[in-house]
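Okay, here's what each chain looks like letter by letter:
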Amino acid sequence: MSLGWQKRTQRDIASLPVRWPFVAVAVAMPALKSATGIDGGAIFQILAAEDLGLDSRAIGIAFAMGVLSLPVQLIAARLPLWRARQHLQVFLALAAIQCWVLALLVGFDVAGQRVALVALGVTVIAEISLSVLYAPAWQPLLKFALTTEGRQAVNSRPRAAGGVLAAVTVVLFGAVGADLRTVVLMIVGALAALVAITVSRPPAPARPACRDTDVAAIRQQQSLPAGLRWIYLVLGLCGLAAAWPLFLVYAHDVLWPTANLGLLGAVQLGGSLLAAATWRPTEADLTSRTTRAGGVLIAAVIAMAVVRVPVESRAEEVVTLAALATGAASAATIALALLEGAHREVDDETSVKALTILDVVESTSLQVGLLIAGFLVSASATRTEWLVDPYRLYLLIVTVGIVVALRTRPLR
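What comes next is a walk through the structure. (Residues numbered from 1 in each chain as written. Predicted model: local features only at pLDDT ≥ 70, side-chain atom pairs only at ≥ 80, totals over all residues. Heavy atoms only, no water.)

**Here we look at the overall build of the protein**
Right, so step 1: Within the protein one finds 18 helices and zero strands.
Right, so step 2: Within the protein, the fraction of its 412 residues that count as buried is 54%.
Right, so step 3: Intrachain contacts of the protein at a sequence separation of at least 6 include 85% that bridge at least 24 residues. (Helix = DSSP H or I, 4+ residues; strand = E, 2+ residues; numbered from the N terminus. Buried < 20%, exposed > 50% of the residue type's maximum accessible area, 1.4 Å probe, protein only. Contact = heavy atoms within 4.5 Å.)

Here you go:
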């Protein structure tokens, strides 16, 4: 056993008490986001399409409504780091309430336009609270409390464990009836409430005794490194299409109407968690990882583009599932690399602003992608004469742009 390995192991063990509350958040977030519709969550897509009868355009517009909060998100980038832990707790408590509201809608089986508006309102509020409360708190707290390797460890393996939990939840949700779906949503909400209590433990910066009035120092704190611009650009492209926005609705309406949406959602989540589980924390150059992931992503999109619509044969089913899993894995790998690259560009003074803007770019581009996808799914369902329907053509074009952007500069 080498001395270096022993020291690293001792350091990791010593950091476990600090890391555990962060691990709890990372494990819970995938299922929580899926249930409340954040980032086009699979559970919300299933209940919207099957329990509430919403069409693709309505769902896409609802997901895109988070764009309206953009001015508030930019204001949130100025929030002080010492408030981060409180904001994280408020976000989790609010998410628990949102899960319970959706559970009541599904459980009482009250269909209608007003109920649909309530459900859409839940996901809009969830998206806004993610950007205003969660984004200025989560990654800045990781930056403050953990080392580089500890931060990557929380952003990868616990996230993979959360992905497993979310995948199981999505499969279960897609397979059961309304009564058990209500129970699933209630449990996810209870998990969020429990984690909200847990996050009172991790260290956070103390409230400053007096406000810094040095104008030059304030301006220096507000300025962001130039290297972040390229990261924002690539992450914005990824948000538009790399996560295959509204794919479950597309599969339900166009690609594979007979498919189990819970299974498809689990496969998509499984690809993401595979990328997170196999991520190795490193302080080295991340360029090779993004290059390989970009190649796999474009191969997956091409494979999806050549699949016949609707999917009927066993071979077409296998290709669809494989492309869905590998595409999700490669997109998650690129996102992890860009996130770590952003962390390396900032310090504690600029972390809240830089990482909140990072989330603004990611969430806003995804919301725009969901809006575009809603109309493209509708167009793909009505225009069967296309060799490659509008939705898959859009994925292909934007993915090419992502791969080109990744090759323009290294991610060190």
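There's plenty left to go through after this.
**A few points about empty space enclosed by the protein**
Right, so step 1: Overall, the coordinates contain three cavities of 30 Å³ or more when judged by the stated rule.
Right, so step 2: There is about 1300 Å³ of room inside the largest cavity.
Right, so step 3: Together, 50 residues line the largest cavity, and K33, D39, R159, S272 and E362 are the ones closest to its centre.
Right, so step 4: Of the residues belonging to the lining of the largest cavity, the class tally is 33 nonpolar, twelve polar and five charged.
Right, so step 5: As a volume, the second largest cavity reaches approximately 50 Å³.
Right, so step 6: Along the walls of the second largest cavity sit Q152, N155, S156, W279, L336, L339 and E340, which together make up its complete lining.
Right, so step 7: Elements represented by at least two residues in the lining of the second largest cavity include exactly α9 (148-175) and α16 (314-345).
Right, so step 8: For the lining of the second largest cavity, the residue count by class is three nonpolar, three polar and one charged. (1 Å grid on protein atoms, 1.4 Å probe; cavity = no way out; pocket = protein on both sides within 12 Å on 5 of 7 lines; lining within 4 Å. Points joined across faces, edges and corners; volume = space filled by probe spheres on them. Nonpolar A, V, L, I, M, F, W, Y, C, P; charged D, E, K, R; others polar.)

**Re the side chain of T287**
Right, so step 1: Looking at the secondary structure, you find T287 in helix α15 (residues 287-305).
Right, so step 2: Apart from the residues within four sequence positions on either side, T287 is in contact with P410 and L411.

**Quick look at the packing of helix α12 (residues 228-242) against helix α17 (residues 351-382)**
Right, so step 1: Across the interface, α12 lies against α17 with an axial gap of 7 Å and an inter-helix angle of 25 degrees. Classed by the angle they form, the pair α12 and α17 counts as roughly parallel. Helix-helix and strand crossings are classified by hand; for α12 and α17 the assignment is right-handed. In this structure, α12 uses L228, I231, Y232, L235, G236, G239 and L240 to contact α17, whose residues at the interface are A354, I357, L358, V361, E362, S365, L366, V368 and G369. (Axes fitted to C-alpha atoms, helices over the stretch in contact; angles between N-to-C directions. Parallel < 35°, antiparallel > 145°, perpendicular 65-115°, else oblique. Left-handed = near helix turned anticlockwise from the far one by under 90°.)

**Looking at the layout of surface pockets**
Take a probe with the size of a water molecule and roll it over the atoms, and the empty space left behind shows itself.
Right, so step 1: The calculated volume of the second largest pocket comes to roughly 250 Å³.
Right, so step 2: L274, A275, T278, W279, R280, R289, R292, A293, A329, S330 and T333 are the residues that line the second largest pocket.
Right, so step 3: Secondary-structure elements contributing two or more residues to the lining of the second largest pocket are α14 (261-277), α15 and α16.
Right, so step 4: Tallied by class, residues from the lining of the second largest pocket come to five nonpolar, three polar and three charged.

**Some thoughts on the pattern of salt bridges**
Pairing is possible between side chains that carry opposite charge, provided their charged atoms lie close to one another.
Right, so step 1: Tallying each qualifying case throughout the model produces seven salt bridges.
Right, so step 2: The residue E316 makes a salt bridge to R308 at a minimum N-O spacing of 2.9 Å.
Right, so step 3: Given a relative accessible area of 45%, R308 falls into the partly exposed group.
Right, so step 4: When salt bridges that share partners are traced, they join R151, E340 and R344 into one network. (Salt bridge = Lys/Arg side-chain N within 4 Å of Asp/Glu carboxyl O.)

**What about the packing of helix α8 (residues 138-145) against α17?**
Right, so step 1: Between α8 and α17, the least distance of the axes is 8 Å, while the angle of their chain directions is 140 degrees. What the angle tells us is that α8 and α17 run oblique. Along this stretch, α8 crosses α17, giving a crossing that reads as right-handed. Residues Q139, P140 and K143 of α8 form the contact with α17, whose participating residues are S351, V352 and L355.
Right, so step 2: Each residue belonging to the contact of α8 with α17 can be placed in one class, and the counts come to three nonpolar, two polar and one charged.

**Things to note about the nonpolar core**
Right, so step 1: Counting 114 residues, the largest nonpolar core has W244 and F247 as its most contacted members.
Right, so step 2: The dominant element in this core, judged by the number of residues it contributes, is helix α6 (residues 84-108), at eleven residues.
Right, so step 3: Residues in contact with F247, not counting those within four places in the same chain, are Q45, L255, Q268, M304, L324 and Y391. (Core = buried A, V, L, I, M, F, W, Y, C linked by side-chain atoms within 4.5 Å.)

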